[in-house]
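Coordinate inspection notes
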Amino acid sequence: MVSYCIRRCLMSAERLLLSRVARPALPPPPLPSPHHGRRCHSHTQTPGAYRLDSRAMVRVSGRDTIDLLQGLVTSDITEFTDGIDSMAAQYCMMLNVQGRVLYDLIVYNQTQKLESVCLLIECDASLKEDFMKAVKRYRIRKKVDITDVSDEYKVWAVPSGLDPTQPLTGQQEGDGKKTAIETTKVDVPKAVVSVSDPRVPAFGQRVLFKTGEETLVSSGESGEAYDSLRYQWGIPEGGTDLPPGGCLPLESNLTIMNGVSFTKGCYIGQELTARTHHTGIIRKRLLPLVFDSPPPPTADFSDAQISTEEGKRAGRLRGIVGRRGLGLVRLEHHNKALSLSTKDGQKESVTAYRPGWWPEELRT
């Protein structure tokens, strides 16, 4: 009996010794950071953040704000009626009576009290005065204040870094329904607004700062770099890409960019937009373009025509930055070899493609 107890003790000691030898030693805990527990509001080093000086800001506020804008723009502005608990941002357009695009807008909710709606409307800076005049023309006796606050706010864009040529998960549906697309959001200190881009959430974030309180660092030449990136995604913005009175909203991809409601009441330009949507016939769309080689800096592409190898008209150029461009292209020709003709007769080879964020039924 004594020998059995001794053997059991020796076996337990051996197992304990082996377990200590096999188990690696844990590393010592890291030293606490000198900034631990301290909030830092220094500038955020975000790759590819762009300050958009080409965009202006107009504040529209007052008890009749929703009623006024609901009859002027393509989106359902009543979604802002829940005050601070309603959606943060919308994309929309303002049309003329012929149903053609006048202004592309992003509307941000800044309502603090339910009885007094306050919205910030982002628009093209070069068209700001015309936009404000148009809204005031329809204000009549409504209790609405319309104020230029471009000096008070700065607009920034923070791209997602995703590849726009690849199909994305959680895509928008073809009828304009909003569905979430998972992207990594950047925490932006001191931002008044920081939301996923309401046009194409996968594109990145839209950020508003009070002037002088920006905590992002602009990367290089913000204007051209941002425009080039937009063109890769096929996202139009401003009067160059959307000439006022010279383009149609559905050809400009308003539906798949979450910018129109077909269930709201009447608004200016609704008849043609609704009829085109319900017939389902859209023969041309804005598409991203990529040039085979960078065109000469002196090349004049103003109102340039896009043609097939056979010389058939395939569309028109809207904008160009380096090798990237945006064009209104007939869908029957988009996958053919295309070229652009400059005013002096020079031809440049170009390729059009359908972006990966488009709904599947429109990519095929």
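Worth saying up front: this structure is predicted, and the values here are computed from it rather than measured.

Reading guide: rules and limits
Numbers given for residues are sequential positions, taken from 1 along each chain in its written order. Under the rules for a predicted model, residues below a pLDDT of 70 receive no local features and side-chain atom pairs below 80 are neither given nor counted, while totals for whole chains, interfaces and linings still include all residues. Note that the side-chain values use all heavy atoms of the structure and ignore hydrogens as well as water. Definition used in this section: a nonpolar core is a set of buried Ala, Val, Leu, Ile, Met, Phe, Trp, Tyr and Cys residues joined via side-chain atoms within 4.5 Å. Only protein chains enter the area calculation, which uses a 1.4 Å probe; residues under 20% of their type maximum are buried, those over 50% are exposed, and those in between are partly exposed. In this description, contact between two residues means that some pair of their heavy atoms is separated by no more than 4.5 Å. Under the scheme used here, helices are H or I runs from DSSP no shorter than 4 residues and strands are E runs no shorter than 2 residues, and both carry numbers assigned from the N terminus. Geometry of aromatic contacts follows a simple scheme: Phe, Tyr and Trp rings, the Trp one being its six-membered ring, pair when their centres are within 6.5 Å, and the pair is stacked under 30 degrees between planes, edge-to-face over 60, tilted otherwise. Charge over a ring is defined by NZ of Lys or CZ of Arg lying within 6 Å of the ring centre and within 35 degrees of the ring normal. At least two bridges found by DSSP between two strands is the condition for calling them paired. Note on definitions: angles span 0 to 180 degrees between N-to-C directions of axes, and those axes are lines fitted to C-alpha atoms, for helices only across the stretch in contact.

1. Focus: the nonpolar core
Counting residues in hydrophobic clusters, the biggest one holds 56 residues, and the most contacted among them are M57, Y108, W233, L340 and W357. In contact with W233, not counting residues within four places along its chain, are S160, L162, P164, L168, V200, A202, F203, P288, P355 and W357. By size, the runner-up hydrophobic cluster in this structure holds 27 residues, among which are V73, L105, V117 and I268.

2. A word on unusual backbone geometry
Here N253, not a glycine, exhibits a phi torsion of approximately 70°, which is positive. Mapped onto the elements, N253 comes out in the loop between α5 (238-241) and α6 (270-279). Although it is not a glycine, N258 sits at a positive phi angle of roughly 60°. Here N258 shows up in the loop between α5 and α6.

3. Some thoughts on the packing of aromatic side chains
All chains considered together, the criterion is met by seven aromatic pairs. Seen from their ring centres, F291 and F301 are 5.8 Å apart, and the 55° between their planes marks the pair as tilted. Of this pair, F291 sits in strand β10 (residues 284-291) while F301 sits in the loop between β10 and β11 (305-308), and the two are 10 residues apart along the sequence. With a relative accessible area of 0%, F291 lands in the buried category. Ring geometry for W357 against W358: centres 6.5 Å apart, planes inclined by 80°, an arrangement best described as edge-to-face. The pair formed by W357 and W358 is uniform in burial state, with each residue classed as buried. An aromatic cluster of three or more residues is present, and its members are Y50, F203, Y226 and W233. The cationic tip of R285 hangs over the ring face of W358; the distance from NZ or CZ to the ring centre is 5.8 Å.

4. Notes on the sheet that holds strand β8 (residues 193-196)
The four strands are arranged β1-β7-β9-β8 in an open sheet whose pairing can be described as antiparallel. What marks the edges here is a single partner per strand, and that holds for β1 (50-51) and β8. Here two bridges tie β1 to strand β7 (residues 153-159), and the two strands are oriented antiparallel to one another. Looking at the pairing, R51 lines up with W156 of β7.

5. Focus: the sheet that holds strand β3 (residues 89-95)
The strand order across the open sheet formed by five strands is β3-β4-β5-β2-β6, and the pairing between neighbours is antiparallel. Two strands in the sheet have a free side with no partner beyond their single neighbour: β3 and β6 (145-148). Within the sheet, the average angular offset between the axes of one strand and its neighbour, ignoring direction, is 30°. Set on the sheet, helix α3 (residues 128-139) makes contact with β2 (55-61), β3, β4 (101-109), β5 (118-124) and β6; between it and β6 the angle comes to about 170°.

6. Structural notes on the pairing of β4
Along β4, eight of the nine residues are buried, which leaves the element largely enclosed by surrounding structure. Across seven bridges, β3 lies against β4 in antiparallel orientation. The residue bridging M94 from the neighbouring strand is Y103, located in β4. Taking the residues between adjacent antiparallel strands as the criterion, β3 and β4 are bridged by five residues, where G99 takes a positive phi near 80°. Taken together, the four bridges between β4 and β5 define a ladder with antiparallel strand orientation. When the bridges of β5 are listed, N109 appears paired with L119.

The values are spatial; any link to function lies outside them.
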